[in-house]
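# Structural description and commentary
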Amino acid sequence: MAFYMAVANRKGGVGKSTIAVMLAHAFSVWGGKRVLILDLDSQCNSSMILLGGEGWVAARGARKTVADYFSEQFEGSSRMPADYLIDGVGDVLGPDGQPPSLSLLPGSLLLDDIQGDLFLAYASKREQPDMGKGLRGWLESLMRRFETDFDVVILDCAPGLSFAALAALYTADKVIVPFRPDYVSLHAVDRVALIIEQQANLDELSAIPLEARRYVCLANYVRDNPRERLLIEETGLAHPMLATLLPQRDGIANAFDWFPQRRNIEEKYAAAIDDVRKLYGEVASLVAGDRKKPT
């Protein structure tokens, strides 16, 4: 069964898509895992990184996007979930010189509109006290349909609280919460943590031991200055934290330009490869530890 990992924060601009793709590359190349990314953000950044502009346009034309998947399955389409996926995405090579096992359910600019339409259609067909919760549960079931075909499913979430983003947070076995070391981002971490742990306030959240929580924070775009280090330390007092700190490095940003010619992962990330290795090693250990926990 697949391990579901969401990358989420209430705030935009914290590097969710780049981290989702970084982990997808690492798990598929170094871990030898069958990896799927579900692009649940209407900005479609992870899709652009893995397909390039022309590839994403082709996916839209073939009706292979998350909006097509949600809307057509709601209408009872005979298409199988795998029919919406694009396999062999990205521009990296595996250790054997072949493309790694990396698939994508591409994002869609229409996803936000589709979710509104689905809510109205769902409410018109069913009678239950909480229609939003019902639709969210139905979206969770759609995300879970991939669990037998992959080892790791990465859910790249939009920054808001859409039905799809909430479904992803409840579906995930572990949520990676990237943040910039600034006060706005830290407030957003508090908000998303309450949603993930389903607590009403920070006092209730604090009663849950850090090691028992379903999320872990990742400091991103870190610069070498004392103020940011202090903010990261403060965050670690209230929330579980990865030891990895991703620096504000050109090598990381440049790695997410798509190239038609594949290359090995070391060439892809160049000067940032040690950052990727450290992040992957820590997250892979978390995944292995969670799998060993009694159910």
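For the structure itself, look to the data block above.
Along each chain, the written sequence defines residue order, and numbers are assigned to residues from 1. Local features in this predicted model are restricted to residues whose pLDDT is 70 or higher, and side-chain atom pairs enter the listing and the counts only when it is 80 or higher, whereas totals over whole chains, interfaces and linings include all residues. Heavy atoms throughout the structure, all of them, feed into the side-chain values; hydrogens and water do not.

Turning next to the overall build of the chain. Under the DSSP-based scheme used, a helix requires at least four consecutive residues in state H or I and a strand at least two consecutive residues in state E, with every element numbered from the N terminus. The helix and strand inventory of the chain stands at 12 helices and 10 strands. Since a compact globule built from 295 residues should have a radius of gyration of about 19 Å, the 19 Å found for the chain is in line with a globular shape. Taken along the three principal axes of its C-alpha coordinates, the chain extends 55 × 50 × 35 Å. Taken across its 295 residues, the chain has 53% of its residues classed as buried. When checking whether two residues touch, look at their non-hydrogen atoms; a contact exists if any pair is within 4.5 Å. The long-range share in the chain, meaning contacts at least 24 apart out of those at least 6 apart in sequence, stands at 75%. What sets the accessible areas is the Shrake-Rupley method with a 1.4 Å probe; for residues, cover comes only from the shown protein chains. Counting every atom, the chain has about 13,000 Å² of accessible surface; 52% of that belongs to carbon and sulfur. Put simply, the chain has 32 plus and 39 minus side-chain charges, and the middle of one group is 2 Å from the middle of the other. In this setup the radius of gyration rests on C-alpha atoms only. A globule is expected at 2.2 Å times the number of residues raised to 0.38. Remark: exposure states derive from per-residue accessible area (1.4 Å probe, protein chains only) relative to the maximum for the residue type, with buried under 20%, exposed over 50%, and partly exposed in between. Only four residue types enter the charge count: Lys and Arg as positive, Asp and Glu as negative, with His and the chain ends excluded. Charged groups are reduced to one reference atom each: NZ for lysine, CZ for arginine, CG for aspartic acid, CD for glutamic acid.

A pair of aromatic rings is counted whenever rings of Phe, Tyr or Trp (Trp by its six-membered ring) have centres within 6.5 Å, and the orientation is called stacked for planes under 30 degrees apart, edge-to-face for over 60 and tilted otherwise. According to the stated counting rule, one finds 8 aromatic pairs in the structure shown. Taking the centre distance of 5.5 Å and the plane angle of 50° together, the rings of Y69 and F146 count as tilted. On the criterion of sequence distance, the pair formed by Y69 in helix 3 (residues 66-74) and F146 in the loop between helix 5 (131-144) and strand 6 (152-157) is long-range, its members being 77 residues apart. The class of Y69 is buried, set by a relative accessible area of 1%. Classification of F146 by relative accessible area gives buried; the value is 1%. An aromatic cluster is built from Y69, F70, Y84 and F146, whose rings are joined through pairwise contacts. Here R144 stacks its cationic end above the ring of Y4, 4.1 Å away from the centre of that ring. The rule is short: NZ of Lys or CZ of Arg within 6 Å of the ring centre and within 35 degrees of the ring normal puts a charge over the ring.

One can find K174 in strand 7 (residues 174-179). If we ignore the near neighbours within four places in the chain, the residues touching K174 are F3, Y4, M5, A6, R213, R214, Y215, V216 and D290.

Within the largest apolar cluster, 52 residues are counted, with the highest numbers of intra-cluster contacts made by L38, F70, M143, F146, L155 and V175. Apart from the residues lying within four places of it in its own chain, the contact partners of M143 are Y4, L38, L40, F70, L155, A164, A167, A168 and T171. What is meant by a nonpolar core is a set of buried Ala, Val, Leu, Ile, Met, Phe, Trp, Tyr and Cys residues, joined one to another through side-chain atoms within 4.5 Å.

Here we come to the sheet that holds strand 1 (residues 3-7). Note: strands within a sheet are paired through backbone hydrogen bonds, in either parallel or antiparallel orientation. Between any two strands, at least two bridges found by DSSP are needed for them to pair. In space, the 8 strands of this open sheet follow the order 3-5-2-6-1-7-8-9, with mixed pairing throughout. Edge positions in the sheet fall to strand 3 (86-87) and strand 9 (241-247), since each of these pairs with one other strand and no more. As judged from the 6 bridges shared by strand 2 (residues 35-40) and strand 6, these two strands associate in the parallel manner. Opposite L40, over in strand 6, you have C157 as the bridge partner. Every angle, taken between N-to-C directions, lies between 0 and 180 degrees, and every axis is a line fitted to C-alpha atoms, over only the stretch in contact when it is a helix. The strands that helix 2 (residues 45-61) touches are strand 2, strand 3, strand 5 (102-105) and strand 6; relative to strand 2, the one it contacts most, it runs at about 75°.

Before going further, it helps to spend a moment on the pattern of salt bridges. Close approach of charged atoms allows side chains with opposite charge to pair. Salt bridges are counted wherever a side-chain nitrogen of Lys or Arg sits within 4 Å of a carboxyl oxygen of Asp or Glu. This structure, assessed with the given rule, holds 11 salt bridges. Here E72 makes a salt bridge to R63, at a shortest N to O gap of 2.6 Å. Looking at E72, the relative accessible area reads 10%, which means it is buried. Its salt-bridge partner being R144, residue E147 comes within 3.1 Å of it at the nearest N-O pair. Connected through salt bridges with shared partners, the residues R63, D68, E72 and R79 form a single ionic network.

Let us look at the packing of helix 1 (residues 16-29) against helix 12 (residues 273-292). Axis separation between helix 1 and helix 12 bottoms out at 10 Å; the angle between their running directions is 75°. If you check the angle between helix 1 and helix 12, you find them roughly perpendicular. Residues I19, M22, L23, A26 and F27 of helix 1 touch helix 12, and the partners they reach there are V276, L279, Y280, V283, A284 and V287. Residue type decides the class: Asp, Glu, Lys and Arg count as charged, Ala, Val, Leu, Ile, Met, Phe, Trp, Tyr, Cys and Pro as nonpolar, and the leftover types, Gly among them, as polar. When grouped by side-chain class, the residues that make up the contact of helix 1 with helix 12 number 11 nonpolar, no polar and no charged. An angle below 35 degrees is read as roughly parallel, one above 145 as roughly antiparallel, one from 65 to 115 as roughly perpendicular, and any other as oblique.

This paragraph deals with the state of the cysteines. When two cysteine sulfur atoms lie within 2.5 Å, the pair is treated as a disulfide. Scanning all chains against the criterion turns up 0 disulfides. The closest cysteine sulfur to the non-disulfide-bonded C157 is located on C44, 14 Å from its own sulfur. Not engaged in a disulfide, the cysteine C217 finds its nearest cysteine sulfur in C157; these two sulfurs lie 14 Å apart.

Turning next to the packing of helix 3 against helix 4 (residues 111-125). Where helix 3 contacts helix 4, the two axes come as close as 10 Å, and the packing angle between them is 15°. Judged by the inter-axis angle, helix 3 sits roughly parallel to helix 4. In the packing of helix 3 onto helix 4, the handedness of the crossing is left-handed. The segment helix 3 lies against helix 4, with V66, A67, F70, S71 and F74 engaging L111, I114, L118, A121, Y122 and K125. Each crossing gets its hand from how the near helix is turned against the far one by less than a right angle, where anticlockwise is left-handed and clockwise is right-handed.

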